[in-house]
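Residue-level listing of the chains:
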Amino acid sequence: MERLLMWAPRVLSLLRIIAALLFMEHGLMKAFQFPAAQPNAPDPLPPILVAAAWLEIVGGGLLVVGLFTRPVAFILSGMMAVAYFAAHASGGFWPALNGGEAAILFCFVFLYLVFTGPGEWSLDAQLRKRP
């Protein structure tokens, strides 16, 4: 178990990086139709979805590099909670049926990062090491 424990800060970094890249993809799909247009997104995007797209792109980018991880993760966790209740919960109770699984997962992964921080491989960790 000690071998696993010594890898925990690095695996936490991997979780942060992969989740942030996937999150950024949602913003890129909304804002730039890259790698494809977001399914069922209205055209043109309403201002709330434009704001969401930029939070996903910029916030996701900050999380990828691990800069300002805790405050950014807090904001994005809240955003995903609002997104779930605004866009998915009205579609029924079960997340697998209302399309809200990703919103719930992002919400709780980001909430976890608020409490754990970014992990070993991050700009935040490097800045803490500076004298």
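Residues numbered from 1 in each chain as written. Predicted model: local features only at pLDDT ≥ 70, side-chain atom pairs only at ≥ 80, totals over all residues. Heavy atoms only, no water.

Chemist: Even after reading the chapter, I still don't get the overall build of the protein, so can you show me in this structure?
Modeler: When helices and strands are tallied, the protein shows six helices and zero strands. Mapped in sequence order, the helices and strands of the protein form the string α-α-α-α-α-α. Each principal axis of the C-alpha distribution contributes one length, and for the protein these read about 50 × 30 × 25 Å. The proportion of buried residues among the 131 residues of the protein is 33%. Just so you have it, the protein exposes about 8400 Å², and 74% of that area is on carbon and sulfur atoms. Side-chain charges in the protein split into 8 positive and 7 negative, and the spacing between the mean points of these groups amounts to 13 Å. (Helix = DSSP H or I, 4+ residues; strand = E, 2+ residues; numbered from the N terminus. Buried < 20%, exposed > 50% of the residue type's maximum accessible area, 1.4 Å probe, protein only. Areas by Shrake-Rupley, 256 points an atom, 1.4 Å probe, with all protein chains shown as cover. Lys, Arg positive; Asp, Glu negative; His and termini not counted. Charge placed at Lys NZ, Arg CZ, Asp CG, Glu CD.)

Chemist: Explain the nonpolar core here, please?
Modeler: The tendency in soluble globular proteins is for nonpolar side chains to be buried as a group. Phe23, Leu63, Ala73, Leu76, Met79, Met80 and Phe110 are the most contacted members of the largest nonpolar core, which has 19 residues in total. Of all the elements in the fold, those that place two or more residues in this core are helix 1 (2-32), helix 2 (47-65), helix 3 (69-88) and helix 5 (101-116). When residues in this core are grouped by element, the largest group, seven residues, is from helix 5. Not counting chain neighbours up to four residues away, the residues in contact with leucine 76 comprise Phe23, Leu55, Gly59, Gly60, Leu63 and Phe110. (Core = buried A, V, L, I, M, F, W, Y, C linked by side-chain atoms within 4.5 Å. Contact = heavy atoms within 4.5 Å.)

Chemist: Would you explain helix 1 in this entry?
Modeler: Quick reminder: α-helices carry 3.6 residues per turn. Residues three or four places apart thus point the same way. With 31 residues, helix 1 ought to run about 45 Å at 1.5 Å a step, and its terminal C-alpha atoms sit 45 Å apart, in line with that. Along its length, helix 1 reaches its greatest deviation from straightness, about 45°, at alanine 8, and the proline proline 9 lies no more than four positions downstream. Tucked inside the fold, the buried residues of helix 1 contact helix 2, helix 3 and helix 5. Positive phi shows up at glutamine 33, right after helix 1, with a value of about 50°. (Expected span 1.5 Å × (residues − 1). Bend = angle between axes of the 7 residues up to and from the residue.)

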